[in-house]
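Reading the structure
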Amino acid sequence: ANALSHFELGQALPPLPRHRGDEIGLLSKSFAAMTSKLNQQVRELHASEAKLRTILDNLPLGIWLLGIDQETRYLNKSFRDDLGLDEQRFFSDPRFAPLLQWPEEHITSDELTSNESLRFNDGEQHLLEIHKVKIRSLSGALIAMIGIAIDIPERRKADKTLRSSE
């Protein structure tokens, strides 16, 4: 019981009496194997999260997430750079409130698409196609909203370039 109270994911276990040949030794071996497997899964999860964050940060889209608790937040690097501001300012600046709110008239929808015009760091107004999706837990409870902003003129330019290269 004392060893269990010192267990933290990602941390080495304090010495366990694995050498014993009785039930305590068997339980210690089993607990050590279980914690080793959990720690490996935590390392893999952190590596996977880092890969996903790198991908999201470098997509040529605006991506943000706002938890229902208002504390869980994410704003990808591409959109931070486009807007010329940090995550804290994005989530507190009233200019971006329409991106972070779910309109009352669409409260029953889990997905929403709209257009918004925002001034980017380049000084130009950009017309954005905004996609918002509610994220729910396995039990169906609302836990967050994710938003994706696509620069419409940039997308059209990319589509045109792609078609002309075919």
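Look up a bit, the structure's there.
Just so we're clear, the structure is a prediction, and the values are computed from it rather than from any experiment. Counting restarts for each chain: residues are numbered from 1 in the order of the written sequence. Owing to the predicted nature of the model, reporting of local features is limited to residues with pLDDT of at least 70; listing and counting of side-chain atom pairs is limited to 80 or more, with chain, interface and lining totals taken over all residues. The basis for every side-chain value is the complete set of non-hydrogen atoms in the structure, without hydrogens or water.

1. Digging into the sheet that holds strand E3 (residues 111–119)
Counted only if it meets this: Strand pairing is assigned whenever DSSP identifies at least 2 bridges connecting the two strands. Secondary structure elements are taken from DSSP: a helix is a run of H or I of four residues or more, a strand is a run of E of two residues or more, and numbering for both begins at the N terminus. Between N-to-C directions, angles span 0 to 180 degrees; the directions come from axes that are lines fitted to C-alpha atoms, helices contributing only their stretch in contact.
Taken in spatial order, the five strands line up as E2-E1-E5-E4-E3 in an open sheet, and their pairing is antiparallel. Bordering the open sheet on either side are strand E2 (73–75) and E3, each of which pairs with just one other strand. For this sheet, the mean inter-axis angle between neighbouring strands, taken without regard to orientation, is 20°. Of the pairings in the sheet, the one linking strand E1 (residues 62–67) to strand E5 (residues 142–151) comprises six bridges and is antiparallel in character. Across the sheet, the residue bridging to tryptophan 64 is glycine 147, located in E5.

2. Quick look at the layout of surface pockets
What counts, and what does not: Within this scheme a cavity is a closed region of a 1 Å grid, computed over the protein atoms alone, that accommodates a 1.4 Å probe without allowing it to escape, whereas a pocket is open but has protein on both sides within 12 Å along at least five of seven lines; lining residues each have an atom within 4 Å of a point. Grid points are joined across faces, edges and corners, and a volume is the space filled by probe spheres set on the points. For this classification, the nonpolar set comprises Ala, Val, Leu, Ile, Met, Phe, Trp, Tyr, Cys and Pro, the charged set comprises Asp, Glu, Lys and Arg, and every other residue, Gly included, is treated as polar.
Approximately 280 Å³ is the volume attributed to the largest pocket. In terms of lining, the largest pocket is formed by 15 residues, of which the most central are Leu66, Ile68, Gln70, Leu100 and Met145. Going through the elements one at a time, E1, helix H5 (97–100) and E5 are the ones with two or more residues in the lining of the largest pocket. Tallied by class, residues from the lining of the largest pocket come to ten nonpolar, three polar and two charged. Reported here for the second largest pocket is a volume of approximately 210 Å³. Considering the residues around the second largest pocket, the lining is formed by twelve residues, among which Pro60, Leu61, Ile150, Asp151 and Glu154 are closest to the centre. Broken down by secondary-structure element, the contributors of at least two residues to the lining of the second largest pocket are helix H3 (77–83), E5 and helix H6 (152–165). Per-element accounting of the lining of the second largest pocket gives the leading share, three residues, to E5. Residue composition of the lining of the second largest pocket, grouped by class: seven nonpolar, one polar and four charged.

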